[in-house]
Amino acid sequence: MSGKVKLLRYLANLGYGSRREVLGLLADGRVTDAQGERLYGDDVCQHDDIRIDGEVLDPAPGLLLMLNKPTGYTCSSKDQGRLVYDLLPRRFRLRSPLLSSVGRLDRDTSGLLLFTDDGQLLHRIIAPKSHLPKVYLAELARDLRGDEAEVFASGTLLLERETRPLLPAVLDVLSPRQARLTLYEGRYHQVRRMFAAVGNHVGALHRERVGGLDLGELPQGQWRLLQQSDLKRLFSPAVHPSAMPSG
Ligand code: URA
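A word on the site of the ligand
Reasoning step 1: All residues adjacent to the ligand are L105, D106, T109, Y136, H189, Q190, V191, R192 and L205.
Reasoning step 2: One of the side-chain nitrogen or oxygen atoms of D106 is found 2.7 Å away from a nitrogen atom of the ligand.
Reasoning step 3: Here Q190 contributes a backbone N or O atom positioned 3.4 Å from a nitrogen atom of the ligand.
Reasoning step 4: Burial of the ligand by the protein amounts to 95% of the accessible area it has alone, namely 240 Å².
Reasoning step 5: Sort the elements by how many residues they give to the shell around the ligand and helix α5 (residues 190-197) lands first, with three residues.

The following block contains the structure:
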């Protein structure tokens, strides 16, 4: 357990209920240590040594997870309709510090979405100076015209209603209507707006990779906790042969 937080507050912060509900769990003797000894609200214990109804606790604060987001889910905790949080355990939405998505994917975009409750880590992942590549597979409504890779790599492309040009991005053409796009920043609806800027329209859009992490075998709609080894991979992406942006 981090710092010297007392059990009552610690469990409430993990989403096990309001203060009153957690007091109820404690009063019913449902919170014990690993040996089955009853614990009390004022106790200060190690995370791994706490059980509720004999079960180990949800992950300690400082968690990082990946979700294979299906289309049709919004990256928000309170919009109408289906939310990405609906795909995570209910308690995760009640945690403090808050578990938030690292950037966003549109409702109609699928693929790799990270979540963390660690603000510094979140910032490190999205900070432009980290230059973490984000790789998207885009299905296009029209045939590519041939100059898109050059335009996207130029570092001069200006999106509508913006004043700062985009960083160079790398386009790999897979077929006339399918392309893989690697971005080193994350602006609002960036992929869709980039293709719109070259007279095309993105239909299906899927994020395959963030940094050195991909979804592996994770099925759509499923999530998994990330470990130290994943974190290391996240921050050590293979450098694309077409080079990363400078600065
Ligand atoms: N670019 C988009 O247009 N949509 C996303 O969801 C992510 C990047």
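Looking at the environment of G24
Reasoning step 1: With respect to the element layout, G24 can be found in helix α2 (residues 19-27).
Reasoning step 2: Counting along the chain gives 178 residues from G24 to V202, while the straight-line C-alpha distance between them is 52 Å.

Some details on the domain arrangement of the protein
Reasoning step 1: The domain architecture assigned to the protein consists of domain 1 (2-56) and domain 2 (58-247).
Reasoning step 2: Computed over C-alpha atoms only, the centres of domain 1 and domain 2 are separated by 37 Å.
Reasoning step 3: Of the residues lining the interface, eight residues belong to domain 1; the matching set on domain 2 comes to eight residues.
Reasoning step 4: Linking domain 1 to domain 2 there are zero salt bridges.
Reasoning step 5: Summed over the shared surface of domain 1 and domain 2, the result is four residue pairs in polar contact (both at pLDDT 80 or more).
Reasoning step 6: Ranked by residue count, the leading element in the side of domain 1 that touches domain 2 is helix α1 (residues 7-13), at three residues.
Reasoning step 7: Its residues assigned to classes, the side of domain 1 that touches domain 2 comprises five nonpolar, three polar and no charged.

Things to note about the sheet that holds strand β3 (residues 55-56)
Reasoning step 1: Strand order across the open sheet formed by three strands is β1-β2-β3, with antiparallel pairing between neighbours. Strands at the two margins of the open sheet, each flanked by one partner only, are β1 (31-33) and β3.
Reasoning step 2: With three bridges joining them, β1 and strand β2 (residues 50-52) adopt antiparallel strand pairing. Of the residues in β2, the one forming a bridge with T32 is R51.

Considerations on helix α3 (residues 119-126)
Reasoning step 1: Buried residues of α3: L121, L122 and I125, and no others. Angularly, the buried residues of α3 cover 100 degrees about the axis, an arc narrow enough to put them on a single face. Counted as exposed and oriented over 90 degrees from the buried face of α3: G119, Q120 and H123.
Reasoning step 2: On the buried face of α3, the contacting elements are β4 (64-69), β5 (100-101), β6 (109-116) and α6 (228-234).
Reasoning step 3: The N-cap of α3, judged by a side-chain oxygen 3.0 Å from the amide nitrogen of Q120 a few residues on, is D118.

Re the side chain of Q190
Reasoning step 1: Here Q190 is to be found in helix α5.
Reasoning step 2: Of note is the side chain of Q190, whose polar atom sits 2.8 Å from the backbone nitrogen of R187.
Reasoning step 3: When residues no more than four places from it in sequence are discounted, the contact partners of Q190 are L166, L183 and E185.

Re the pairing of strand β10 (residues 202-210)
Put simply, side chains in a regular strand alternate between the two faces of the sheet.
Reasoning step 1: For β6 and β10, the ladder comprises three bridges, and the chain directions are parallel. Paired with G111 across the strands is R207, a residue of β10.
Reasoning step 2: As paired elements, strand β7 (residues 134-140) and β10 share six bridges and run antiparallel to each other. Within the sheet, the bridge partner assigned to V135 lies in β10 and is R209.
Reasoning step 3: Taken together, the two bridges between β10 and strand β11 (residues 213-214) define a ladder with antiparallel strand orientation. From the neighbouring strand, R209 faces β11, where its bridge partner is D214.
Reasoning step 4: With antiparallel pairing between neighbouring strands as the criterion, β10 and β11 make up a hairpin whose turn holds two residues, including G211 at a positive phi of roughly 55 degrees.

Basis of the calculations
- Residues numbered from 1 in each chain as written.
- Predicted model: local features only at pLDDT ≥ 70, side-chain atom pairs only at ≥ 80, totals over all residues.
- Heavy atoms only, no water.
- Near = heavy atom within 4 Å.
- Polar contact = N/O pair within 3.5 Å; in protein donor to acceptor, adjacent residues only side chain to side chain.
- Areas by Shrake-Rupley, 256 points an atom, 1.4 Å probe, with all protein chains shown as cover.
- Helix = DSSP H or I, 4+ residues; strand = E, 2+ residues; numbered from the N terminus.
- Domains from an automatic or database assignment.
- Contact = heavy atoms within 4.5 Å.
- Salt bridge = Lys/Arg side-chain N within 4 Å of Asp/Glu carboxyl O.
- Nonpolar A, V, L, I, M, F, W, Y, C, P; charged D, E, K, R; others polar.
- Pairing = 2+ DSSP bridges.
- Buried < 20%, exposed > 50% of the residue type's maximum accessible area, 1.4 Å probe, protein only.
- Arc of directions from axis to C-beta.

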